[in-house]
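An overview of the molecular structure
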Amino acid sequence: MTIDTLFDLRGQTALVTGASRGIGLAAARLLASCGAQVIVSSRRQDACEAIVAQIVGDGGKAVAIAAHIGEAQSIEALFAQMAQRGLSPDILVNNAAANPYFGPVPDMPMAAFDKTVAVNVRGYFYTSQLAARAMRERGGAIVNVASVNGRRAAPGQAVYSMTKAAILSMTESFARELAPSGIRVNAVLPGLTETKFASALTGDPEILKPLLRAIPLGRAAQPEEIAPMIAFLCSPAASYITGASFAVDGGYLA
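None of these values were measured; they are calculated from a predicted model. (Residues numbered from 1 in each chain as written. Predicted model: local features only at pLDDT ≥ 70, side-chain atom pairs only at ≥ 80, totals over all residues. Heavy atoms only, no water.)

**Considerations on the sheet that holds strand β2 (residues 37–41)**
- Sheet architecture is open: seven strands sit in the order β3-β2-β1-β4-β5-β6-β7, paired in parallel fashion. The open sheet is flanked by β3 (61–64) and β7 (245–248), the only strands paired with a single partner. Between one strand axis and the next, the sheet turns through 20° on average, direction left out of account.
- With four bridges connecting them, strand β4 (residues 91–94) and strand β5 (residues 140–145) associate as parallel partners. Across the sheet, residue L92 finds its bridge partner in β5, namely I142.
- Along the sheet face, helix α3 (residues 45–57) touches β2 and β3 and points at about 170° away from the line of β3. (Pairing = 2+ DSSP bridges. Helix = DSSP H or I, 4+ residues; strand = E, 2+ residues; numbered from the N terminus. Axes fitted to C-alpha atoms, helices over the stretch in contact; angles between N-to-C directions. Contact = heavy atoms within 4.5 Å.)

Take a look at the structure:
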């Protein structure tokens, strides 16, 4: 293989959830630049269409299909709409996530617990399950966007951290079961990243200062610094990698 073919995703269809902003947006744009047709999915159709316009404006191919990954019926509707358009995923990037509560675990409302688990665990599982059914005749790649919290739980984020640990276990389970079908399953563990999702951390100087001291590189990541690992794991360059988890964290877990 040449350097060009190692990262060539032409002819591939990539479904990216939570793709309207942050890491999902950066991943969708990068996958499109590698030649994939990207299915841009998030809860709001107008937000998805805005990203599709960006990708198409850059010369890429993309389709907008809204879905709420915390709702099973919405996931089913997403795959049904893909099928109606003659689209079937070769790549799945599970990126949509929820963290509605930041604070002491004894005070966490059960509604917040249920929402976090519904999106981060059940949503990843069901989306991966339906994607695997579509991929098992020809192979494919699934990348789960987890978090360093899955390895090192963070104060005020107990349930979010727990769900991210579950994603790491899910990655290994799916990798073992789906390998005979040529489906690779891996995880990316972003560290602190400048996104709206993480604004409760990055937007508060008193919270941010000690976090930055724990990161050897001394700063938060940009979404565009996480996306290359996602694209790598989707590409032919990662053809012998499955069941693995890769931290992109500025050295936080070192």
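**Examining the nonpolar core**
- Residues L31, V38, V40, F79, M82, V93 and I230 are the most contacted members of the largest nonpolar core, which totals 66 residues.
- At seven residues, the largest contribution of residues to this core is made by helix α2 (residues 22–33).
- Ignoring anything within four residues of it in the chain, the contact list for M82 reads L15, I39, I65, L87, S88 and P89.
- If you look at the next biggest cluster of nonpolar residues, it comprises five residues, including L192, L208, I215 and A220. (Core = buried A, V, L, I, M, F, W, Y, C linked by side-chain atoms within 4.5 Å. Buried < 20%, exposed > 50% of the residue type's maximum accessible area, 1.4 Å probe, protein only.)

**Considering empty space enclosed by the protein**
- Tallying each qualifying case throughout the model produces one cavity of 30 Å³ or more.
- Its boundaries defined by the atoms lining it, the largest cavity holds a volume of some 50 Å³.
- Along its surface, the largest cavity is lined by N99, Y101, G103, P104, V105, M108, T116, Q157, A158, V159 and Y160.
- The dominant element in the lining of the largest cavity, judged by the number of residues it contributes, is helix α6 (residues 158–178), at three residues.
- Of the residues assigned to the lining of the largest cavity, the class counts are seven nonpolar, four polar and no charged. (1 Å grid on protein atoms, 1.4 Å probe; cavity = no way out; pocket = protein on both sides within 12 Å on 5 of 7 lines; lining within 4 Å. Points joined across faces, edges and corners; volume = space filled by probe spheres on them. Nonpolar A, V, L, I, M, F, W, Y, C, P; charged D, E, K, R; others polar.)

**Some points on the state of the cysteines**
- Per the stated rule, a full pass over the model turns up zero disulfides.
- For the unlinked cysteine C34, the closest cysteine sulfur is that of C234, found at 9.0 Å.
- C48 takes part in no disulfide bond, and the closest cysteine sulfur to it belongs to C234, at a distance of 18 Å. (Disulfide = S-S within 2.5 Å.)

**As for a positive patch on the surface**
- Taken together, R21, R43, K115 and K196 make up a surface patch of like positive charges.
- Within the fold, R21 resides in the loop between β1 (13–17) and α2.
- For R21, a relative accessible area of 42% puts it in the partly exposed group. (Patch = residues over 30% accessible without salt bridge, like charges linked within 9 Å, V, L, I, M, F, W, Y side chains within 5 Å. Areas by Shrake-Rupley, 256 points an atom, 1.4 Å probe, with all protein chains shown as cover. Salt bridge = Lys/Arg side-chain N within 4 Å of Asp/Glu carboxyl O. Lys, Arg positive; Asp, Glu negative; His and termini not counted. Charge placed at Lys NZ, Arg CZ, Asp CG, Glu CD.)

**Some points on the packing of helix α4 (residues 72–84) against helix α5 (residues 110–135)**
- Remark: α4 packs on α5, axes separated minimally by 10 Å, with the N-to-C direction vectors making an angle of 25°. When the axes of α4 and α5 are compared, the pair comes out roughly parallel. The element α4 and its partner α5 pack so that their crossing is right-handed. Mapping the contact onto sequence places A72, I75, E76 and F79 in α4 and G123, Y126, T127, L130 and A131 in α5.
- Within the contact of α4 with α5, the residues separate by chemical class into six nonpolar, two polar and one charged. (Parallel < 35°, antiparallel > 145°, perpendicular 65-115°, else oblique. Left-handed = near helix turned anticlockwise from the far one by under 90°.)

**Section: the layout of surface pockets**
- Taken as a whole, the second largest pocket spans an internal volume of roughly 190 Å³.
- Counting only elements with at least two residues in the lining of the second largest pocket, the list comes to α5 and α6.
- Residue classes in the lining of the second largest pocket are distributed as four nonpolar, three polar and three charged.

**Some thoughts on the packing of aromatic side chains**
- Applying the stated criterion across every chain yields a total of one aromatic pair.
- Arranged with centres 5.6 Å apart and planes meeting at 90°, the rings of F125 and F174 form a pair that is edge-to-face. Linking F125 in helix α5 with F174 in helix α6, this pair joins segments that are 49 residues apart in sequence.
- Given the relative accessible area of 37%, F125 is considered partly exposed.
- Directly above the aromatic system of Y252 lies the positively charged group of R152, at a separation of 4.9 Å from the ring centroid. (Phe/Tyr/Trp six-rings, centres within 6.5 Å; stacked < 30°, edge-to-face > 60°. Lys NZ or Arg CZ within 6 Å of the ring centre and 35° of its normal.)

**Focus on the side chain of S41**
- Examined against the element boundaries, S41 turns out to sit in strand β2.
- S41 has contacts with L15, V16, T17, G18, A19, C48, I65, A66, A67 and L78, leaving out every residue within four places of it along the chain.

**Re helix α9 (residues 223–234)**
- Taking 1.5 Å of rise per residue, the twelve residues of α9 would be expected to cover 16 Å, and the 17 Å separating its terminal C-alpha atoms lies within 8% of that figure.
- Among the residues of α9, those classed as buried are P223, I226, A227, I230, A231, L233 and C234. Within α9, the buried residues cover an arc of 160° as seen down the axis, which keeps them to one side.
- Its buried side turned inward, α9 meets α2, β4, β5, β6 (183–190) and β7. (Expected span 1.5 Å × (residues − 1). Arc of directions from axis to C-beta.)

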